[in-house]
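An overview of the molecular structure
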Amino acid sequence: MILTEKHPIAVTCARGIGPFLAGELSSLPFPVLRAGETAVETEGNLEDAMRLNLHLRTAHRVLLGLCAFRAEGPEELYRFVSAFPWEDLLSENGYFSVTSTVRTPAIRDPRFASLRIKDGIADRFYRTRGIRPDSGPDRRRTVFHLQWTGEDAAISLDTSGEPLSRRGYRKLPWKAPMQESLAAATILASRWDRKSPFVNPMCGSGTLAVEAALLALGRPPGLTRENFGFMHVRGYSPRRWRELRAEAKAGGRLPPGCRILATDRDPDAVAAARENARAAGVEQAIEFNVCPFEETEIPAGGGVIFMNPEYGERMGEASLLRDVYGKIGDFLKKRGRGRLGYVFTGNPDLAKSVGLRTARRIPFFNGPIECRLLEYELYEGSRKAGNSEPASR
Ligand SMILES: C[S@@+](CC[C@H](N)C(=O)[O-])C[C@H]1O[C@@H](n2cnc3c(N)ncnc32)[C@H](O)[C@@H]1O
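The text that follows walks through the structure, step by step, so that each part is easy to find. Since the model is a prediction, treat every value here as computed from it, not as a measurement. (Residues numbered from 1 in each chain as written. Predicted model: local features only at pLDDT ≥ 70, side-chain atom pairs only at ≥ 80, totals over all residues.)

1. Description of the site of the ligand
- Around the ligand sit 19 residues in total, of which Met202, Gly204, Ser205, Thr207 and Arg265 are the nearest.
- The residue makeup of the shell around the ligand, split by class, is 11 nonpolar, 4 polar and 4 charged. (Near = placed C-beta within 6 Å. Nonpolar A, V, L, I, M, F, W, Y, C, P; charged D, E, K, R; others polar.)

2. Things to note about the pairing of strand S1 (residues 7-12)
- Among the 6 residues that make up S1, 5 are buried, leaving the element largely enclosed by the rest of the structure.
- Across 6 bridges, the pairing between S1 and strand S3 (residues 39-44) is antiparallel. Within the sheet, the bridge partner assigned to Thr12 lies in S3 and is Ala39. (Buried ≥ 20, exposed ≤ 12 C-beta atoms within 10 Å, placed from the backbone. Helix = DSSP H or I, 4+ residues; strand = E, 2+ residues; numbered from the N terminus. Pairing = 2+ DSSP bridges.)

3. Quick look at helix H6 (residues 207-217)
- Buried residues dominate H6, accounting for 10 of its 11 residues.
- Within the sequence span of H6, burial applies to Thr207, Leu208, Ala209, Val210, Glu211, Ala212, Ala213, Leu214, Ala216 and Leu217.
- Summarising the contacts, the buried residues of H6 are in contact with helix H5 (180-189), strand S9 (198-200), strand S10 (260-264), helix H8 (267-280), strand S11 (286-290) and strand S12 (304-307).
- One or two steps after H6, the chain reaches Gly218, where phi turns positive at roughly 65 degrees. (Contact = placed C-beta atoms within 7 Å.)

4. A closer look at the packing of helix H3 (residues 74-82) against helix H4 (residues 110-129)
- Close contact between H3 and H4 brings their axes to 8 Å; oriented N to C, the two are set at 30 degrees. It follows that H3 is roughly parallel to H4 by the angle criterion. Our pair here, H3 against H4, has a crossing hand that is right-handed. Contacts from Pro74, Leu77, Tyr78, Val81 and Ser82 in H3 reach Phe112, Ala113, Arg116, Ile117, Asp119, Gly120, Ile121, Asp123 and Arg124 in H4. (Axes fitted to C-alpha atoms, helices over the stretch in contact; angles between N-to-C directions. Parallel < 35°, antiparallel > 145°, perpendicular 65-115°, else oblique. Left-handed = near helix turned anticlockwise from the far one by under 90°.)

By themselves these figures say nothing about function.
Shown next, in the form of C-alpha coordinates:
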(Lines give C-alpha, C1' and ligand atoms only; values in the text may rest on other atoms or scores of the structure.)
Protein backbone atom coordinates (compact mmCIF):
# COMPACT_ATOMS: atom_id res chain seq x y z
CA MET A 1 0.00 0.00 0.00
CA ILE A 2 1.75 3.16 -1.20
CA LEU A 3 0.23 6.35 0.09
CA THR A 4 2.29 8.51 -2.28
CA GLU A 5 0.12 7.22 -5.13
CA LYS A 6 -3.23 8.70 -6.11
CA HIS A 7 -6.23 7.35 -4.18
CA PRO A 8 -9.91 8.22 -4.25
CA ILE A 9 -10.70 10.77 -1.53
CA ALA A 10 -14.17 11.35 -0.07
CA VAL A 11 -14.53 14.52 1.96
CA THR A 12 -17.58 14.42 4.20
CA CYS A 13 -19.56 17.33 5.61
CA ALA A 14 -22.79 18.09 7.45
CA ARG A 15 -26.01 17.82 5.45
CA GLY A 16 -26.52 20.73 3.07
CA ILE A 17 -22.91 21.93 3.15
CA GLY A 18 -21.83 19.89 0.06
CA PRO A 19 -22.05 22.77 -2.45
CA PHE A 20 -19.86 25.05 -0.28
CA LEU A 21 -17.36 22.25 0.29
CA ALA A 22 -17.21 21.59 -3.47
CA GLY A 23 -16.48 25.29 -3.97
CA GLU A 24 -13.65 25.14 -1.45
CA LEU A 25 -12.13 22.07 -3.11
CA SER A 26 -12.25 23.70 -6.55
CA SER A 27 -10.53 26.82 -5.32
CA LEU A 28 -7.63 24.95 -3.57
CA PRO A 29 -7.60 23.53 -6.41
CA PHE A 30 -8.69 19.89 -6.29
CA PRO A 31 -10.88 18.18 -8.91
CA VAL A 32 -14.50 17.70 -7.85
CA LEU A 33 -15.36 14.27 -9.23
CA ARG A 34 -18.78 14.05 -7.59
CA ALA A 35 -20.58 16.39 -5.23
CA GLY A 36 -23.41 15.25 -2.98
CA GLU A 37 -25.25 16.79 -0.03
CA THR A 38 -22.96 15.26 2.60
CA ALA A 39 -19.77 14.35 0.72
CA VAL A 40 -17.61 15.50 -2.15
CA GLU A 41 -15.33 13.11 -4.04
CA THR A 42 -11.87 14.03 -5.24
CA GLU A 43 -8.53 12.22 -5.49
CA GLY A 44 -4.97 12.50 -4.26
CA ASN A 45 -2.23 11.01 -2.09
CA LEU A 46 -1.46 11.26 1.62
CA GLU A 47 0.16 14.67 1.20
CA ASP A 48 -2.95 15.95 -0.62
CA ALA A 49 -5.05 14.65 2.27
CA MET A 50 -2.79 16.59 4.66
CA ARG A 51 -3.37 19.77 2.62
CA LEU A 52 -7.12 19.21 2.65
CA ASN A 53 -7.12 18.71 6.43
CA LEU A 54 -5.17 21.93 6.84
CA HIS A 55 -7.22 24.14 4.51
CA LEU A 56 -10.84 22.99 4.37
CA ARG A 57 -13.22 25.13 6.44
CA THR A 58 -16.53 23.34 5.86
CA ALA A 59 -15.44 19.68 5.89
CA HIS A 60 -16.05 17.04 8.51
CA ARG A 61 -13.54 14.35 7.55
CA VAL A 62 -11.09 13.54 4.76
CA LEU A 63 -11.29 9.84 3.90
CA LEU A 64 -8.45 8.42 1.78
CA GLY A 65 -9.69 5.29 -0.02
CA LEU A 66 -7.55 2.20 0.62
CA CYS A 67 -9.47 -0.67 -0.96
CA ALA A 68 -12.84 -1.53 -2.47
CA PHE A 69 -14.21 -5.06 -2.77
CA ARG A 70 -17.40 -7.10 -2.91
CA ALA A 71 -18.71 -8.63 0.30
CA GLU A 72 -21.96 -10.52 0.59
CA GLY A 73 -21.62 -11.02 4.30
CA PRO A 74 -19.36 -10.57 7.35
CA GLU A 75 -17.22 -13.62 6.58
CA GLU A 76 -16.27 -12.28 3.16
CA LEU A 77 -15.51 -8.97 4.81
CA TYR A 78 -13.21 -10.69 7.30
CA ARG A 79 -11.50 -12.76 4.60
CA PHE A 80 -10.68 -9.73 2.48
CA VAL A 81 -9.47 -7.68 5.44
CA SER A 82 -7.27 -10.43 6.85
CA ALA A 83 -5.46 -10.67 3.47
CA PHE A 84 -4.82 -6.92 3.15
CA PRO A 85 -1.30 -5.56 3.94
CA TRP A 86 -2.18 -3.41 6.97
CA GLU A 87 1.42 -3.66 8.16
CA ASP A 88 2.31 -1.21 5.34
CA LEU A 89 0.14 1.41 7.03
CA LEU A 90 0.31 0.74 10.71
CA SER A 91 3.01 -0.27 13.17
CA GLU A 92 2.49 -3.42 15.24
CA ASN A 93 2.94 -1.20 18.31
CA GLY A 94 0.27 1.20 17.04
CA TYR A 95 -3.38 1.65 17.99
CA PHE A 96 -6.32 1.73 15.63
CA SER A 97 -10.04 2.23 15.70
CA VAL A 98 -12.69 1.23 13.14
CA THR A 99 -15.90 3.09 12.23
CA SER A 100 -18.56 1.78 9.87
CA THR A 101 -21.45 3.08 7.80
CA VAL A 102 -23.45 0.06 6.73
CA ARG A 103 -26.47 -0.24 4.45
CA THR A 104 -26.66 -3.96 3.63
CA PRO A 105 -29.14 -6.70 4.45
CA ALA A 106 -26.13 -8.87 5.41
CA ILE A 107 -25.93 -7.41 8.93
CA ARG A 108 -28.05 -5.22 11.13
CA ASP A 109 -25.54 -3.70 13.54
CA PRO A 110 -22.61 -1.71 12.04
CA ARG A 111 -20.65 -2.47 15.22
CA PHE A 112 -20.46 -6.10 14.12
CA ALA A 113 -18.87 -5.03 10.81
CA SER A 114 -16.33 -2.90 12.73
CA LEU A 115 -15.56 -5.88 14.97
CA ARG A 116 -14.95 -8.21 12.02
CA ILE A 117 -12.57 -5.66 10.50
CA LYS A 118 -10.71 -5.34 13.80
CA ASP A 119 -10.41 -9.14 13.95
CA GLY A 120 -9.17 -9.28 10.36
CA ILE A 121 -6.51 -6.59 10.94
CA ALA A 122 -5.35 -8.12 14.22
CA ASP A 123 -5.16 -11.63 12.72
CA ARG A 124 -3.22 -10.38 9.70
CA PHE A 125 -0.68 -8.73 12.02
CA TYR A 126 -0.40 -11.83 14.15
CA ARG A 127 0.25 -13.97 11.09
CA THR A 128 2.84 -11.67 9.55
CA ARG A 129 4.49 -10.09 12.62
CA GLY A 130 3.60 -12.34 15.54
CA ILE A 131 2.19 -9.37 17.43
CA ARG A 132 -1.00 -7.32 17.01
CA PRO A 133 -1.62 -3.59 17.50
CA ASP A 134 -4.10 -2.40 20.13
CA SER A 135 -7.55 -1.28 19.06
CA GLY A 136 -10.47 0.50 20.68
CA PRO A 137 -12.85 3.45 20.32
CA ASP A 138 -10.28 6.27 20.61
CA ARG A 139 -10.30 8.29 17.38
CA ARG A 140 -7.16 10.26 18.14
CA ARG A 141 -4.84 7.70 16.55
CA THR A 142 -5.24 5.61 13.36
CA VAL A 143 -8.86 5.36 12.21
CA PHE A 144 -10.17 3.11 9.42
CA HIS A 145 -13.64 3.64 8.04
CA LEU A 146 -15.83 1.04 6.34
CA GLN A 147 -18.54 2.06 3.89
CA TRP A 148 -20.65 -0.98 3.02
CA THR A 149 -23.63 -0.55 0.72
CA GLY A 150 -25.37 -3.69 -0.60
CA GLU A 151 -22.46 -5.91 -1.63
CA ASP A 152 -20.01 -3.06 -2.20
CA ALA A 153 -17.54 -2.53 0.59
CA ALA A 154 -14.78 0.09 0.74
CA ILE A 155 -12.30 0.86 3.50
CA SER A 156 -10.61 4.20 3.85
CA LEU A 157 -8.12 5.83 6.14
CA ASP A 158 -9.83 8.59 8.12
CA THR A 159 -7.03 11.13 7.78
CA SER A 160 -8.85 13.57 10.07
CA GLY A 161 -9.60 11.25 13.00
CA GLU A 162 -11.64 13.66 15.06
CA PRO A 163 -13.98 15.83 12.94
CA LEU A 164 -12.40 18.89 11.39
CA SER A 165 -15.06 21.12 12.91
CA ARG A 166 -13.11 20.66 16.15
CA ARG A 167 -10.49 23.19 15.22
CA GLY A 168 -8.96 23.23 18.69
CA TYR A 169 -9.50 26.95 19.32
CA ARG A 170 -12.70 26.74 21.35
CA LYS A 171 -11.17 26.89 24.81
CA LEU A 172 -14.13 28.17 26.79
CA PRO A 173 -17.55 26.55 26.44
CA TRP A 174 -20.57 28.76 25.84
CA LYS A 175 -24.33 28.33 25.38
CA ALA A 176 -25.50 27.09 21.97
CA PRO A 177 -22.23 27.66 20.08
CA MET A 178 -22.31 27.13 16.34
CA GLN A 179 -20.20 24.30 15.01
CA GLU A 180 -17.08 25.85 13.49
CA SER A 181 -17.55 24.24 10.05
CA LEU A 182 -21.21 25.33 9.97
CA ALA A 183 -20.24 28.90 10.89
CA ALA A 184 -17.65 28.89 8.08
CA ALA A 185 -20.21 27.53 5.60
CA THR A 186 -22.76 30.24 6.46
CA ILE A 187 -20.12 32.93 5.93
CA LEU A 188 -19.10 31.38 2.60
CA ALA A 189 -22.80 31.30 1.66
CA SER A 190 -23.11 35.02 2.39
CA ARG A 191 -22.11 37.78 0.01
CA TRP A 192 -19.41 39.12 2.35
CA ASP A 193 -16.39 40.07 0.23
CA ARG A 194 -13.78 39.57 3.04
CA LYS A 195 -12.58 43.15 2.46
CA SER A 196 -15.40 45.19 4.00
CA PRO A 197 -16.62 45.22 7.67
CA PHE A 198 -18.06 42.08 9.28
CA VAL A 199 -20.19 42.99 12.30
CA ASN A 200 -21.27 40.18 14.62
CA PRO A 201 -23.62 41.35 17.38
CA MET A 202 -24.79 38.56 19.78
CA CYS A 203 -21.40 36.90 19.18
CA GLY A 204 -21.61 34.36 22.03
CA SER A 205 -18.33 32.41 22.03
CA GLY A 206 -17.29 34.22 18.85
CA THR A 207 -17.36 31.35 16.35
CA LEU A 208 -18.66 33.51 13.47
CA ALA A 209 -16.21 36.34 14.17
CA VAL A 210 -13.28 33.92 14.49
CA GLU A 211 -14.18 32.12 11.24
CA ALA A 212 -14.62 35.49 9.49
CA ALA A 213 -11.19 36.60 10.73
CA LEU A 214 -9.58 33.33 9.56
CA LEU A 215 -11.14 33.89 6.12
CA ALA A 216 -10.18 37.55 5.82
CA LEU A 217 -6.61 36.79 6.92
CA GLY A 218 -6.41 33.79 4.57
CA ARG A 219 -5.40 31.69 7.58
CA PRO A 220 -6.19 27.96 7.25
CA PRO A 221 -8.36 26.58 10.06
CA GLY A 222 -6.15 23.51 10.57
CA LEU A 223 -3.21 25.57 11.86
CA THR A 224 -4.45 25.44 15.46
CA ARG A 225 -5.08 21.71 15.59
CA GLU A 226 -2.33 19.53 16.95
CA ASN A 227 -3.61 16.08 16.08
CA PHE A 228 -4.95 14.54 12.86
CA GLY A 229 -5.49 10.92 11.85
CA PHE A 230 -2.84 11.12 9.11
CA MET A 231 -0.15 11.68 11.77
CA HIS A 232 -0.55 8.05 12.86
CA VAL A 233 0.24 6.16 9.67
CA ARG A 234 3.45 4.91 8.11
CA GLY A 235 4.57 7.36 5.44
CA TYR A 236 3.55 10.46 7.40
CA SER A 237 6.33 13.04 7.24
CA PRO A 238 6.35 15.53 10.16
CA ARG A 239 8.85 17.62 8.15
CA ARG A 240 6.40 17.88 5.20
CA TRP A 241 3.62 18.84 7.60
CA ARG A 242 5.79 21.63 9.03
CA GLU A 243 6.48 22.83 5.49
CA LEU A 244 2.79 22.78 4.52
CA ARG A 245 1.95 24.77 7.65
CA ALA A 246 4.73 27.28 6.99
CA GLU A 247 3.61 27.74 3.35
CA ALA A 248 0.04 28.32 4.53
CA LYS A 249 0.78 30.85 7.26
CA ALA A 250 -0.69 34.15 6.18
CA GLY A 251 0.07 37.70 7.24
CA GLY A 252 -1.50 38.95 10.45
CA ARG A 253 -3.26 41.98 8.98
CA LEU A 254 -6.78 42.42 7.69
CA PRO A 255 -7.20 44.05 4.28
CA PRO A 256 -7.53 47.86 4.56
CA GLY A 257 -11.20 48.76 5.10
CA CYS A 258 -12.01 45.42 6.70
CA ARG A 259 -12.98 45.52 10.37
CA ILE A 260 -14.38 42.58 12.33
CA LEU A 261 -16.51 43.52 15.34
CA ALA A 262 -17.89 41.04 17.88
CA THR A 263 -20.27 42.14 20.64
CA ASP A 264 -22.55 40.49 23.18
CA ARG A 265 -24.44 41.88 26.15
CA ASP A 266 -22.95 39.17 28.38
CA PRO A 267 -19.38 39.95 29.54
CA ASP A 268 -18.66 36.24 30.04
CA ALA A 269 -19.55 35.58 26.39
CA VAL A 270 -17.20 38.31 25.24
CA ALA A 271 -14.43 36.97 27.50
CA ALA A 272 -14.95 33.48 26.00
CA ALA A 273 -14.95 34.91 22.46
CA ARG A 274 -11.71 36.80 23.14
CA GLU A 275 -10.05 33.70 24.60
CA ASN A 276 -11.16 31.58 21.63
CA ALA A 277 -9.92 34.20 19.18
CA ARG A 278 -6.57 34.22 20.98
CA ALA A 279 -6.34 30.42 20.70
CA ALA A 280 -7.17 30.69 16.98
CA GLY A 281 -4.42 33.27 16.51
CA VAL A 282 -6.83 36.02 15.37
CA GLU A 283 -7.41 38.05 18.54
CA GLN A 284 -5.70 41.12 17.05
CA ALA A 285 -8.04 41.05 14.06
CA ILE A 286 -11.29 41.29 16.07
CA GLU A 287 -12.65 44.28 18.03
CA PHE A 288 -14.67 43.09 21.03
CA ASN A 289 -17.22 45.01 23.03
CA VAL A 290 -19.81 44.26 25.73
CA CYS A 291 -23.15 45.85 24.77
CA PRO A 292 -26.73 45.08 23.80
CA PHE A 293 -26.88 44.40 20.05
CA GLU A 294 -28.68 47.70 19.40
CA GLU A 295 -25.59 49.60 20.59
CA THR A 296 -23.06 47.79 18.43
CA GLU A 297 -20.86 50.15 16.42
CA ILE A 298 -21.60 49.90 12.69
CA PRO A 299 -18.47 51.04 10.84
CA ALA A 300 -18.56 52.96 7.58
CA GLY A 301 -17.76 51.10 4.38
CA GLY A 302 -20.71 48.73 3.89
CA GLY A 303 -20.12 45.04 4.54
CA VAL A 304 -22.36 42.72 6.52
CA ILE A 305 -24.12 42.46 9.86
CA PHE A 306 -24.26 38.78 10.81
CA MET A 307 -26.39 37.57 13.74
CA ASN A 308 -27.11 34.22 15.35
CA PRO A 309 -29.77 34.83 18.01
CA GLU A 310 -31.04 32.04 20.24
CA TYR A 311 -33.93 30.21 18.62
CA GLY A 312 -35.72 28.76 21.57
CA GLU A 313 -35.25 25.02 21.42
CA ARG A 314 -37.09 24.61 24.72
CA MET A 315 -40.86 24.96 25.14
CA GLY A 316 -42.04 28.45 25.94
CA GLU A 317 -38.80 30.17 24.98
CA ALA A 318 -39.93 30.99 21.46
CA SER A 319 -42.65 33.39 22.56
CA LEU A 320 -40.13 35.36 24.66
CA LEU A 321 -37.81 35.55 21.67
CA ARG A 322 -40.43 36.97 19.29
CA ASP A 323 -39.81 40.42 20.71
CA VAL A 324 -36.02 40.01 20.32
CA TYR A 325 -36.40 39.08 16.64
CA GLY A 326 -38.65 42.10 16.09
CA LYS A 327 -35.97 44.33 17.62
CA ILE A 328 -33.32 42.70 15.41
CA GLY A 329 -35.46 43.74 12.41
CA ASP A 330 -35.64 47.33 13.71
CA PHE A 331 -31.89 47.37 14.35
CA LEU A 332 -31.00 46.07 10.88
CA LYS A 333 -33.39 48.49 9.24
CA LYS A 334 -32.25 51.57 11.17
CA ARG A 335 -28.54 50.94 11.57
CA GLY A 336 -27.70 48.60 8.69
CA ARG A 337 -28.68 50.79 5.78
CA GLY A 338 -26.50 50.18 2.70
CA ARG A 339 -25.32 46.80 4.04
CA LEU A 340 -26.36 43.17 3.88
CA GLY A 341 -27.97 41.72 7.00
CA TYR A 342 -27.84 38.01 7.90
CA VAL A 343 -29.76 36.13 10.57
CA PHE A 344 -29.00 32.44 11.17
CA THR A 345 -31.86 30.70 12.95
CA GLY A 346 -33.40 27.29 13.47
CA ASN A 347 -36.89 28.71 13.97
CA PRO A 348 -38.57 29.91 10.75
CA ASP A 349 -41.56 31.11 12.71
CA LEU A 350 -39.45 33.45 14.83
CA ALA A 351 -37.67 34.64 11.69
CA LYS A 352 -40.98 36.11 10.50
CA SER A 353 -40.86 38.50 13.45
CA VAL A 354 -37.77 40.16 11.92
CA GLY A 355 -40.33 41.76 9.58
CA LEU A 356 -37.96 42.48 6.70
CA ARG A 357 -38.22 41.08 3.22
CA THR A 358 -35.67 38.26 2.72
CA ALA A 359 -33.49 38.38 -0.39
CA ARG A 360 -32.42 34.73 0.09
CA ARG A 361 -33.19 31.91 2.51
CA ILE A 362 -30.33 29.41 2.49
CA PRO A 363 -31.03 26.03 4.15
CA PHE A 364 -28.58 24.46 6.64
CA PHE A 365 -28.72 21.78 9.31
CA ASN A 366 -27.49 22.21 12.85
CA GLY A 367 -27.45 18.51 13.76
CA PRO A 368 -31.07 17.42 13.23
CA ILE A 369 -32.46 20.98 13.31
CA GLU A 370 -33.28 22.50 9.95
CA CYS A 371 -31.96 26.06 9.97
CA ARG A 372 -31.95 28.99 7.59
CA LEU A 373 -29.49 31.72 6.84
CA LEU A 374 -31.71 34.67 6.00
CA GLU A 375 -30.29 37.43 3.86
CA TYR A 376 -31.67 40.96 3.95
CA GLU A 377 -30.69 43.65 1.46
CA LEU A 378 -30.92 46.66 3.68
CA TYR A 379 -32.10 49.27 1.25
CA GLU A 380 -33.33 52.61 2.48
CA GLY A 381 -36.66 51.92 4.25
CA SER A 382 -36.93 48.25 3.32
CA ARG A 383 -39.47 47.09 5.89
CA LYS A 384 -41.91 44.63 4.25
CA ALA A 385 -42.94 46.47 1.09
CA GLY A 386 -39.28 47.20 0.40
CA ASN A 387 -38.03 49.91 -1.88
CA SER A 388 -35.84 50.01 -4.88
CA GLU A 389 -32.74 51.88 -3.76
CA PRO A 390 -29.82 49.43 -3.96
CA ALA A 391 -27.43 48.87 -1.08
CA SER A 392 -24.07 50.54 -1.77
CA ARG A 393 -21.43 47.96 -0.89
C1 LIG B 1 -27.07 31.53 20.13
S2 LIG B 1 -25.96 32.52 21.03
C3 LIG B 1 -24.73 32.89 19.83
C4 LIG B 1 -23.79 31.75 19.67
C5 LIG B 1 -22.60 32.07 18.80
N6 LIG B 1 -22.93 32.09 17.39
C7 LIG B 1 -21.49 31.06 19.07
O8 LIG B 1 -21.08 30.34 18.15
O9 LIG B 1 -21.06 30.95 20.22
C10 LIG B 1 -26.80 34.03 21.20
C11 LIG B 1 -26.06 35.10 22.00
O12 LIG B 1 -26.86 36.28 22.01
C13 LIG B 1 -26.61 36.97 23.20
N14 LIG B 1 -27.73 37.91 23.41
C15 LIG B 1 -29.02 37.63 23.72
N16 LIG B 1 -29.75 38.76 23.78
C17 LIG B 1 -28.91 39.80 23.51
C18 LIG B 1 -29.07 41.21 23.40
N19 LIG B 1 -30.24 41.78 23.60
N20 LIG B 1 -27.97 41.95 23.09
C21 LIG B 1 -26.77 41.38 22.88
N22 LIG B 1 -26.55 40.05 22.97
C23 LIG B 1 -27.61 39.26 23.27
C24 LIG B 1 -26.49 35.90 24.25
O25 LIG B 1 -25.74 36.38 25.36
C26 LIG B 1 -25.79 34.78 23.47
O27 LIG B 1 -24.41 34.83 23.70
